[in-house]
Amino acid sequence: MEPVSKWFDALYISYAQKLVKMAVRMGFSEQDGQDLMQDAFLLLLSKAELFRNGHDNPAAFLILLPVSQGQPASRPERGGHGAPHRLL
């Protein structure tokens, strides 16, 4: 099995910017998106052995964590489509 550092680096390269972009689309600022991404990867690193042993999907974990970390900023209502979306 590859070392944790190589596994983690590969995930970081694949998902870091995707997580930041997703957080920004959810209404978070760029800085908050960066913070959420870092928090997600720190938590993932603490659970690395669990994920590496095939017990869960690290990609799904990384994508869902920013959604559960806080309320997105409120967005203005879009023309005629009802109330703005709230994820949490």
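Conventions and cut-offs
- Residues numbered from 1 in each chain as written.
- Predicted model: local features only at pLDDT ≥ 70, side-chain atom pairs only at ≥ 80, totals over all residues.
- Heavy atoms only, no water.
- Phe/Tyr/Trp six-rings, centres within 6.5 Å; stacked < 30°, edge-to-face > 60°.
- Helix = DSSP H or I, 4+ residues; strand = E, 2+ residues; numbered from the N terminus.
- Buried < 20%, exposed > 50% of the residue type's maximum accessible area, 1.4 Å probe, protein only.
- Core = buried A, V, L, I, M, F, W, Y, C linked by side-chain atoms within 4.5 Å.
- Expected span 1.5 Å × (residues − 1).
- Arc of directions from axis to C-beta.
- pLDDT = per-residue confidence, 0-100.
- Contact = heavy atoms within 4.5 Å.

Focus: the packing of aromatic side chains
Then comes step 1: The full count for this structure, using the stated rule, is 2 aromatic pairs.
Then comes step 2: Residues Phe 8 and Phe 41 carry aromatic rings whose centres are separated by 5.6 Å and whose planes lie at 85° to one another, so their mutual orientation is edge-to-face. Residue Phe 8 is located in helix H1 (residues 4-25), and its partner Phe 41 is located in helix H2 (residues 30-46); the two are separated by 33 residues in the primary sequence. Accessibility classification places Phe 8 together with Phe 41 in one group, the buried group.

Here we look at the nonpolar core
Then comes step 1: Trp 7, Leu 19, Met 37, Phe 41, Leu 44 and Leu 62 are the most contacted members of the largest nonpolar core, which has 19 residues in total.
Then comes step 2: For this core, the secondary-structure elements that each account for two or more residues are H1, H2, helix H3 (48-52) and helix H4 (58-68).
Then comes step 3: With 8 residues, H1 is the single largest residue contributor to this core.

Details of H2
For an α-helix, the turn length of 3.6 residues means that residues three or four places apart are oriented alike.
Then comes step 1: Helix length check: H2, at 17 residues, gives a terminal C-alpha distance of 25 Å against a target of 24 Å (1.5 Å per residue), a fit within 8%.
Then comes step 2: Gly 33, Leu 36, Met 37, Ala 40, Phe 41 and Leu 44 are the residues of H2 that are buried. For H2, the angular spread of the buried residues around the axis is 130°, confining them to a single face. In H2, the exposed positions that point more than 90 degrees away from the buried face belong to Gln 31, Leu 42 and Ser 46.

What about the confidence of the model for the protein?
Then comes step 1: Per-residue pLDDT for the protein has a mean of 75; in total, 65% of the residues score no lower than 70.
Then comes step 2: A low-confidence stretch, residues 75-88 stays under pLDDT 50, and its non-local contacts, those more than four residues away or across chains, total 13 contacts.

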